[in-house]
Amino acid sequence: MTAGSASWLPLSPGERSVAIEVLVNGPLSRAELARRLDLSAGSLTRLTKPLIESGLLVESPEGGAAGESRQGRPSQPLDVVAESRSFLGFKVTEDMVYGVVTTLRSEIVARHDRPLTTHDPGEVADLLAQMAGELAHSHPGLAGIGIGVGGFVQDRAVVGESPFLNWRDIPLAALVEERTGLPVVVENDVAALVEAETWFGSGRGLDRFVVLTIGAGIGYGLVLGGKRVPSEGEDRAFGRRWILDPAGPLTPDGERGSAVSLLTIPSIRYQIRAATGGDHTYEEILDRATAGEPMPARVVGDAARALGILLAHIANFAMPQKILLAGEGVGLMDVARNTVEETIRARRHPLAAPVDLETRKSNFHDWARGAAVLAIQVLVLGAADA
């Protein structure tokens, strides 16, 4: 397997700015594009010409924005050729690998999942290579691979620490590149999801935006000035030290009353198992709480209040325009939304604007799509600091 020809590479900084603006916000007329990037008409023509000739951008047959005209032929908006390249995105969990193929604009065009029966790094890389090969048959011209992993990732290449896989200092990008011949970028899965939502999802066009995920763990991503704020401590036990209730539960995976102890799926299941001796799925616990069973109702109620406190803290200090609550644990909102919202209001100033909270139960293909967006950003556009 070899990488598809990327005839537009490398992009100059100016070309990259044009390409990203059209990719994220296009189609755009030349006048609007020049205004957004503060470019003269001549400079814009110079930058767009090679992008059009290489096939990255195309002149859309439709006219420009409403009310916009100029002498001569009508202005033709510029857009990316979304199908010109395909990208692989993988989300690696403790027991599964979820894969997607996306276009340049991150639309998912194929899905492919496989069980993960080993955590041996070489064998995991073998599996990723096999999946990439299978997807390459039906989607030739792959430009690169993005991989999302729960844990701390260094230089978008090395998994420094992943408690879910019991990995330390694993050069995952190099292992997969050796087996596929494709360029690979690896990132923390929450960071990848935040990038995807910032460019193509709920955070598109927003200056201040937050993603909070609840599921097997707690994930947090902050966007300021339209860009994700990176952190050296990203996903290094985030939430275990964020104490929401000092008298709250103590679980094996979190400090007493921490966000992890109160909100994660393993901790909620642990609390029910410790109290009742019964082992129930997260969905069963939510159903039992809805039915009014005392112990599930208490645990779910505590979780809802903890989530409200956490969201209020985020709103008070980060002051985001929107918070996206995502992950496999957001079913909590279906059964305890009123408690969450009441707690948010109680922890905010009475005159504070309501929190714009969007809730989405993400599946793991959304996370895999986030990894593909990282591949688009880094491998194609060279937007290493996007």
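Residues numbered from 1 in each chain as written. Predicted model: local features only at pLDDT ≥ 70, side-chain atom pairs only at ≥ 80, totals over all residues. Heavy atoms only, no water.

### Quick look at helix 5 (residues 172-180)
Every buried residue of helix 5 is accounted for by L172, A173, L175, V176 and T180. One side of helix 5 holds all its buried residues, which, seen down the axis, span an arc of 165 degrees. Where helix 5 terminates, the next one or two residues include G181, which has phi positive at roughly 75 degrees. (Buried < 20%, exposed > 50% of the residue type's maximum accessible area, 1.4 Å probe, protein only. Helix = DSSP H or I, 4+ residues; strand = E, 2+ residues; numbered from the N terminus. Arc of directions from axis to C-beta.)

### Topic: the sheet that holds strand 7 (residues 152-154)
The strand order 7-8-9 describes an open sheet built from 3 strands, whose pairing is antiparallel. Both outer strands of the open sheet, strand 7 and strand 9 (167-170), are each paired with one neighbouring strand and no more. On average, each strand axis in the sheet is tilted by 20 degrees relative to the strand beside it, whichever way the strands run. Summarising the sheet, strand 8 (residues 158-162) and strand 9 pair through 3 bridges and their orientation is antiparallel. (Pairing = 2+ DSSP bridges. Axes fitted to C-alpha atoms, helices over the stretch in contact; angles between N-to-C directions.)

### A look at the environment of V109
When you line up the elements, V109 lands in strand 5 (residues 108-115). Measuring from C-alpha to C-alpha, the distance between V109 and H139 comes to 9.3 Å, with 30 residues separating the pair along the chain. If sequence neighbours within four positions are ignored, V109 has contacts with V101, T102, T103 and H139. (Contact = heavy atoms within 4.5 Å.)

### Some points on the side chain of D79
Considering the arrangement of structural elements, one finds D79 in strand 2 (residues 78-80). Within polar-contact distance, the side chain of D79 engages the side chain of R105 at 2.8 Å. Beyond its immediate sequence surroundings of up to four residues, D79 is in contact with V22, G26, P27, L56, L57, V58 and R105. (Polar contact = N/O pair within 3.5 Å; in protein donor to acceptor, adjacent residues only side chain to side chain.)

### Observations concerning the nonpolar core
Judged by nonpolar contacts, the single largest core of 37 residues is most densely connected at L212, L244, L263, L307, L311, L325 and L332. Counting residues per element, the ones that place at least two in this core are strand 11 (208-214), strand 12 (218-224), helix 7 (259-263), helix 8 (265-276), helix 9 (282-290), helix 10 (294-318), strand 14 (322-326) and helix 11 (331-346). For this core, the element with the highest residue contribution is helix 10, accounting for 11 residues. Residues within four places of L307 in sequence aside, it is in contact with L212, I214, L263, L325, L332, M333 and V340. One finds V22, L51, F200 and V373 within the second-largest nonpolar core, a separate group that totals 32 residues. (Core = buried A, V, L, I, M, F, W, Y, C linked by side-chain atoms within 4.5 Å.)

### With respect to unusual backbone geometry
Backbone torsion omega between G26 and P27 reads 0 degrees, so that peptide bond is classified as cis. Inspection of the secondary structure assignment puts P27 in the loop between helix 1 (13-25) and helix 2 (30-37). For D169, which is not glycine, the phi dihedral falls at a positive 55 degrees. Tracing the chain through its elements places D169 in strand 9. Residue D169 is classed as exposed on the basis of its relative accessible area of 52%.

### What about the packing of helix 6 (residues 189-200) against helix 12 (residues 364-380)?
Interaxial distance between helix 6 and helix 12 falls to 7 Å at its minimum, and their mutual angle equals 75 degrees. In terms of axis orientation, helix 6 runs roughly perpendicular to helix 12. The segment helix 6 lies against helix 12, with D189, V190, A191, A192, L193, E195, A196, E197, W199 and F200 engaging D366, W367, R369, G370, A371, V373, L374 and Q377. When its residues are assigned to classes, the contact of helix 6 with helix 12 shows 11 nonpolar, 2 polar and 5 charged. (Parallel < 35°, antiparallel > 145°, perpendicular 65-115°, else oblique. Nonpolar A, V, L, I, M, F, W, Y, C, P; charged D, E, K, R; others polar.)

### Some thoughts on the pattern of salt bridges
Note that side chains of opposite charge can pair when their charged atoms are close. The final tally for this structure, using the stated rule, is 24 salt bridges. For R273, the salt bridge identified is with D279, shortest N-O distance 3.4 Å. A salt bridge links R288 to E293; the nearest nitrogen and oxygen atoms lie 3.3 Å apart. Overall, the relative accessible area of 31% leaves R288 in the partly exposed class. Taken together, the shared-partner salt bridges in this structure form one network comprising E21, E32, R35 and R36. (Salt bridge = Lys/Arg side-chain N within 4 Å of Asp/Glu carboxyl O.)

### Structural notes on the packing of aromatic side chains
Summed over the entire model, instances satisfying the criterion amount to 2 aromatic pairs. Where Y98 meets F364, the ring centres are 4.8 Å apart and the plane angle is 25 degrees; that geometry is what we call stacked. You can see Y98 sitting in strand 4 (residues 96-102) and its partner F364 sitting in helix 12, a full 266 residues away along the chain. Classification of Y98 as buried rests on a relative accessible area of 15%. The ring of W367 is capped by K91, whose NZ or CZ atom sits 5.0 Å from the centre of that ring. (Phe/Tyr/Trp six-rings, centres within 6.5 Å; stacked < 30°, edge-to-face > 60°. Lys NZ or Arg CZ within 6 Å of the ring centre and 35° of its normal.)

### So, the confidence of the model for the chain
In this model, the chain carries an average pLDDT of 89, and 91% of its residues clear a pLDDT of 70 or more. For residues 2-6, every residue scores under 50 in pLDDT, and the model assigns this stretch 11 contacts once sequence neighbours within four places are set aside. (pLDDT = per-residue confidence, 0-100.)

### Regarding the packing of helix 1 against helix 3 (residues 41-53)
Running from N to C, helix 1 and helix 3 cross one another at 80 degrees; their axes reach a closest spacing of 9 Å. Judged by the inter-axis angle, helix 1 sits roughly perpendicular to helix 3. Residues G14, E15, V18 and A19 of helix 1 pack against L44, L47, T48, P50 and L51 of helix 3. A per-class count over the contact of helix 1 with helix 3 returns 6 nonpolar, 2 polar and 1 charged.

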